[in-house]
Every structure is written in structure tokens, then in C-alpha cells.
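Take a look at the letters that make up each chain.
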Amino acid sequence: MIVSGLSDEQRNVVHAPLNALSVIACAGSGKTKTAVHRLEKIKYALTNTRSHVALLSFSNIAVDTFKKTYLEISSNSQGPRGLNRVTIDTVDGFITSHIIRPHAHRTMGCSKIPFLVDGSEPFLLNKELKFWYELPSGEKRPVEGSEINNVTVDFDGRGFNFKYKYHNSVYIINNGLLVTKRLGCIGAYTHELGKFWALKSLCEQENILSLIVNRYPHIIVDEAQDISLFHQYILELFAEKGTNLSLVGDPCQAIYEFSGATGQFIVDHDSSVNVHSLPLTTNYRSIPEILSVANSISKRNDVAFRNRISEGHGAYYVAYETNDHQKLISIFEKKLQSLNLSVENSAVLYRGNADIQRLNDFSKNLGIGKIKLFSSAALYRDVHLDYFTAFQLVSRAVIGLLKDVPDNILSSILKSDSNIVAKSMREDLWCFTRSTETGLPSAHLKASTEWHACLKNNLFLLLANLEEKYKYTKINNFSGNIKKTKLIDYPLAPDMAFNLESSTSIRVTTVHKVKGESLDGVLYIAKKDQIHALLDGVSTELGRIGYVAVTRAKDLFVLAVPKIIIKELSPRLDSIGFKKWNE
């Protein structure tokens, strides 16, 4: 097998012995290309066997990139071409297709293929299917069906613990296992509960483990720092049974600690006696000035491949007034343009959605319940041009307004199931989602008057059509579910991203949402605790979030510091390589 266009480090990974492997890879190190070449190498070595090899990651975007890159590489390969005997999927997708859908029904005690729920299913109103959580005062409250995806489960080696995450608080659920089993009896699970059923199925049905390991003697996991505890337990079962597990990732980028993903699994794997360990230390993304700051934060010695091509490029800090983010963003956008950097391929980053919501302050005006689903759908379609997310939200809302529908109808619609009724309803709901005249009204209409009245009228027509075609009728409290509570008489979608006076077009998002991306320029608007954590290194999740923000930038990184603390922090910022930004 001939491998070209790879560095010596990357080539070492591709040609490493075909056993368990660990690759600690810095940001921008070309992991995608390296992992795909490694995948092709393993497949080529298995040509005369019936074995398969899997490459797994944690996002559909990553999976699509892997597939595209793999097909390009395999077309020039000496061995079998295409995806034959190769599986490229998300970790959850692999677990679903190889454990949950074909086998978990026996452990769950249901008579049909398990299906994913999202919280809008009418059967979740059944009091027997309610999770109950306990407040510090001792008061017990039910978890509403729409909140079921905020129910989490972990395993401490002795038993399963169920919790409910609400805003920034976590509450103990006292009937978690009971309700999970009741949902299992009808085949219902969430992404979180699916991991529970997958692990339980592997433990109770030993033949499943043998089948998977025999079929997949090699599994590569990209972004391995994001492996949660449940994923870890499942992968460890595979490894103990004989699968050669290869983990590729960067512990410094472990920013999903809330799901138990601390990055420790790949660190432990890297130091295991029977695991071959290799590094990727060349950063092909960031210029030296940015990488130098990143190295100071992470205590690494990664090497920059690129050089700075403009005097204005580099890593800077700037003071900002906490009540005037928009001014800073506008200045940053103009600076990008003056440096010939792409505004479209740059971003303004915040620690979390709460910061963006405080800036926008739109979410409180989107209504409640089903109306909030419809209004959010309108925004996704008309502002973000994200028709698929809009379709998902519309489907959840509409199915939640119908009674006597099959328990798995929403899952069938969203998964493009071949079921005739689901297929036909999918077409109806797509038509409703796309049309601003006969379906989901424009987000540019005044919300509480024009938009709501139009939606209500169009919903009556849609539901009448669904009743005629499928015999599904409206729920009894239909009117109560489509009230205009918390809508205001103002368009759902303002003229621009922030306010009516705004003229910026740059993307404003969170650090988590740009993980894996390469951006021309990054403005990270941070608070005091976030900056201190960044300066203290990557020992905390907050520090690692700052590190991820820095390492997204190719040519320009600007850290925005609250003006009130700029004097206090300037010496430390200077000491790790930041320069003061002259606006």
C-alpha cells in the first residue's frame, strides 16, 4: 500500500503494527487524513478475511468528512474499493445499529424494534412513565415529557444512578430504573437511556459481544477525549474480548465533562503496556504566534507548519465594555476585512448558549410548549436556513397535538422509515415546514398577532388533512396547547443577528459548536473566571474550553477581556504570548 502526502509522524501512525494503538494528536494535526489512511491500511491487511474495520467519531459532520476522504483515498488504493467491509459512523450510531436495534429488545422485554423518543410523544403523558426528581427541600416533582432528554444515567461500578439536569442544577431521580424499564417494555429509549440498554444487553447477552468482536477485530475511535463513561465501558468490553482498539484524540480538548468525558480514558489507554503509543505534534492550522499561546496554556511543544503572512495576524487581547458587545463585534469584523480574512469562515465565540441568549434575549419571546417548537422552527428555517432542524421541530410539535398515534411514529418519520404511513406523513410535514403561505408562517411576521393567527389557521387545515388521511384526531386540549402565551407583537426574527440596528454578518456561536473547525479569525468574548481558567492551563474543563477556542484560529485570535479587569490580567496575558490589540 502506497501512502503519499503524509508527514513522517502521520506515516508512522498509518504503518503502526495492527494491534491496539493510541495517538495523542494536537489541534490541527491532520487527524482526519491520518485516521482514514490508517483505516485503509487495516482494510488492505484484512483483504483475505471476512473481517470488518470501523472508524467512529462523535458528530455527523465528522462522519461525513471521514466518508468523503475515505472514498477519495480508496479510489486510488491497490485493494478493494469503496466502503465494502468498512463502517464509518458515530459511536452512538454504531451502538444503535449493532446492539440496540437488532438485540436490545430481548433485554428491554419488548416485542418490536426499539425506537428513539424526543420528548413530544403523547404516551409520555402517562403518569406511569414519569421520572420524579427531588429538590433539596425534599419536595418531589415530575420530569415533564418534553424534558426527558435531560434525564441522564451513569454507572459507578455498583449500580446505575439517574439524574435530571435542569438549567445549571442536577437533581437525583428516585424512580429512574423503574421508569426506564417501563419505557423499555414498549421499546422507547432516549440517546442517554440507549447507552444504558446497550451496556445491559452486552452484559446479559454474551453472544452479542462475540458477534461484534468477530466482525470487528479493529475499531478506531476519533476524538477519543469525548468518550463518555458508558462509551468507555462498552469499548472496554470489546477490547477485553479481542478487538484491537485504536484511540485518536487530544486530552486538552476534553470539553464534555458533563457527560463523563474527561479525556482520562485516552490518557490511560496511551500508557497501557499492550498499547502502541504515537504522537502527532505538528499543527497545520495555526500560525506560530497563535500556537505559541496554545502551547503556553497546554504545556505542550507542538510545532507550527505555517508562517504568518500579514503583520496584523497573531494572538491578541482587547478590553471590552460588558454592555457593548456589538461594538466590539463590528470592529472585529472590519479588522477581518482589512486583513483579507474571510468573515464567513470566522466566528465570535462564547463559553455557552446562556451568554448568547443574554445578548440576543430572544428566547423568552418564543412562546411556550408546542408554540415554542413552531416559533423555533420558523427561526431555524428563515434565519439560519436550516430546513432539516425546522422539519424536526415541526414534526415534534404536530405529533404532540395528535392522539392515538403509534408510539414510534415520530421516530419513524424522522428516521425516514419505509413505513407507508410514516413516509406519507413525512411528506405532509415537509410541505408544512417549507411553505410560509399554507404551512409554518414567516418568522418576519409579528409574533403574537400575524404569525400566531396564521399558524393557528394553517394548523387547523393540516390536522384536518391528517385526520382524513390517517384517522388521527386532535388531542382534547388542542386550544390550550397553541395559546400565544409569551409571544410579543414583534417579529420572531429581527432584521439581523443581534438587533435591528446591527450590521454584522459574522457567525456568533459557542466554543462547543466550532470544535473540529478551522477558522480564519476568532473573537473569544470571555468573563473573568473563564480567562483565569484559560491562563491556569488545561487541568479544568473551563481552561480546556479556552484552549479549544484558541486552537480554532488559523490567522487571528482575539481574546476579549472585561475592561474592569484588564489591568489586573495584562501582565499574565503578556507573559504567555498575547499582544495588546490596537483596534
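Within each chain, residue numbers correspond to sequence positions counted from 1 in written order. The predicted nature of this model means local features are confined to residues of pLDDT at least 70 and side-chain atom pairs, given and counted, to a pLDDT of 80 or more, with totals for whole chains, interfaces and linings taken over all residues. The basis for the side-chain values is all heavy atoms of the structure; hydrogens and waters are excluded.

### Notes on the domain arrangement of the chain
Domains are outlined according to an automatic or database domain assignment. When cut into domains, the chain gives domain 1 (8-97 + 202-280), domain 2 (115-186), domain 3 (288-359 + 505-580) and domain 4 (369-480). With centres defined by C-alpha atoms, the gap from domain 2 to domain 3 works out at 38 Å.

### Quick look at unusual backbone geometry
Look at K299: it is not a glycine, yet its phi comes out positive at around 60 degrees. Helix numbering and strand numbering both begin at the N terminus, where a helix is a DSSP run of H or I of at least 4 residues and a strand a DSSP run of E of at least 2. With respect to the helices and strands, K299 occurs in the loop between helix 10 (288-298) and strand 15 (303-304). Phi at N340 takes a positive value of approximately 60 degrees, unusual for a residue other than glycine. Relative to the elements of secondary structure, N340 occurs in the loop between helix 11 (325-338) and strand 17 (347-350).

### Some remarks on the nonpolar core
Residues grouped as a nonpolar core are buried Ala, Val, Leu, Ile, Met, Phe, Trp, Tyr and Cys residues, joined through side-chain atoms within 4.5 Å. Only protein chains enter the accessibility calculation, which uses a 1.4 Å probe; a residue is then buried when its area is under 20% of its type maximum, exposed when over 50%, and partly exposed in between. Grouped together as the largest cluster of nonpolar side chains are 56 residues, with contacts concentrated most on F131, L183, L202, I219 and F238. It is helix 4 (residues 91-108) that contributes the most residues to this core, seven residues altogether. When residues of this core are assigned to domains, at least three fall in each of domain 1 (8-97 + 202-280) and domain 2 (115-186). Membership of the second largest hydrophobic core comes to 42 residues, among which are L366, F374, F391 and I409.

### Describing the sheet that holds strand 17
At least two DSSP bridges between two strands are required for those strands to pair. Read across the open sheet, the six strands follow the order 20-17-21-22-16-23; overall the sheet is parallel. On the outer flanks of this sheet lie strand 20 (507-510) and strand 23 (579-580), each paired with one strand and no other. Sheet topology note: the strand 17/strand 20 ladder contains four bridges and is parallel. Considered in strand 20, the bridge of V348 is made with V508.

### Overview of the packing of aromatic side chains
A pair of Phe, Tyr and Trp rings is counted when the ring centres sit within 6.5 Å of each other, with Trp represented by its six-membered ring. The angle between the planes then sorts it: under 30 degrees is stacked, over 60 is edge-to-face, the rest tilted. Evaluated as defined, the whole model comprises 19 aromatic pairs. With a centroid separation of 6.5 Å and an interplanar angle of 75 degrees, the aromatic rings of F230 and Y233 are classed as edge-to-face. Remark: Y233 and F230 occur in helix 8 (residues 229-241); sequence separation between them is three residues, near one turn of the helix. Using a relative accessible area of 22% as the deciding quantity, one classes Y233 as partly exposed. Summarising the aromatic geometry, the rings of F332 and W581 are spaced 6.3 Å apart at their centres and angled 70 degrees between planes, so their arrangement reads as edge-to-face.

### Overview of the pattern of salt bridges
Whenever a carboxyl oxygen of Asp or Glu lies within 4 Å of a side-chain nitrogen of Lys or Arg, that contact is scored as a salt bridge. Considering all chains together, one arrives at 25 salt bridges under this definition. R300 is the partner of D302 in a salt bridge, and the nearest nitrogen-oxygen pair spans 2.8 Å. For the pair D302 and R300, a shared accessibility class is recorded, and that class is buried. R381 is paired through a salt bridge with D382; the nearest N and O atoms lie 2.7 Å apart.

### Focus: the packing of helix 19 (residues 528-536) against helix 21 (residues 566-575)
Interhelical geometry of helix 19 versus helix 21 gives an angle of 25 degrees and a closest axis separation of 11 Å. Taken together, the axes of helix 19 and helix 21 lie roughly parallel to each other. The crossing of helix 19 and helix 21 is left-handed. Between helix 19, through K528, I531, H532, L535 and D536, and helix 21, the contact on the second element is made entirely by E568, L569, R572 and L573. Asp, Glu, Lys and Arg are counted as charged, while Ala, Val, Leu, Ile, Met, Phe, Trp, Tyr, Cys and Pro are counted as nonpolar; the rest, among them Gly, fall into the polar class. For the contact of helix 19 with helix 21, the residue count by class is four nonpolar, one polar and four charged. Here, axes are lines fitted to C-alpha atoms. For helices the fit covers the stretch in contact, and angles between N-to-C directions go from 0 to 180 degrees. Geometric relationships in this document are graded by angle, where less than 35 degrees denotes roughly parallel, more than 145 denotes roughly antiparallel, 65 to 115 denotes roughly perpendicular, and other angles denote oblique. Rotating anticlockwise by less than a right angle from the far helix to the near helix defines a left-handed crossing, while the corresponding clockwise rotation defines a right-handed one. In this description, contact between two residues means that some pair of their heavy atoms is separated by no more than 4.5 Å.

### Digging into the sheet that holds strand 7 (residues 151-155)
The strand order across the open sheet formed by three strands is 7-8-9, and the pairing between neighbours is antiparallel. Each edge of the sheet is formed by a strand with only one pairing partner; in this case those strands are strand 7 and strand 9 (169-172). Averaged over all pairs of adjacent strands, the angle between strand axes in this sheet comes to 35 degrees, irrespective of strand direction. Bridge count between strand 8 (residues 160-166) and strand 9: four bridges; the pairing is antiparallel. Looking at the pairing, Y164 lines up with Y171 of strand 9.

### With respect to helix 17 (residues 447-470)
Here helix 17 has its buried residues at A447, S448, W451, H452, L455, N458, L459, L462, L463, L466 and Y470. Here the buried face of helix 17 lies against helix 13 (369-382), helix 14 (387-399), strand 18 (402-403), helix 16 (420-434), strand 19 (473-474) and helix 18 (478-481).

### A few points about the environment of A526
For A526, the position within the fold is in the loop between strand 21 (519-525) and helix 19. Here the alpha-carbon distance between A526 and T389, two residues 137 residues apart in the chain, equals 29 Å. If sequence neighbours within four positions are ignored, A526 has contacts with Y320, I531, L559, A560 and P562.

### Observations concerning the confidence of the model for the chain
On a scale of 0 to 100, pLDDT captures the predictor's confidence in every residue. Summary statistics for the chain give a mean pLDDT of 90 and a share of 94% for residues scoring 70 or more. Contacts from residues 495-503, a stretch scored under 50 in pLDDT, to residues over four places away or in other chains number 16 contacts.

### Here we look at the pairing of strand 21
For strand 21, the buried fraction is high: seven of the seven residues fall into the buried class. In terms of strand pairing, strand 17 meets strand 21 through three bridges, oriented parallel. Each residue of the ladder has a partner; that of V348, found in strand 21, is L523. The sheet contact formed by strand 21 and strand 22 (residues 553-562) spans six bridges and is parallel. Within the sheet, the bridge partner assigned to G521 lies in strand 22 and is L556.

### Section: the side chain of S228
Here S228 shows up in the loop between strand 11 (218-221) and helix 8. In this view, S228 contacts K195, S259, G260 and A261; residues no more than four positions away in its chain are not counted.

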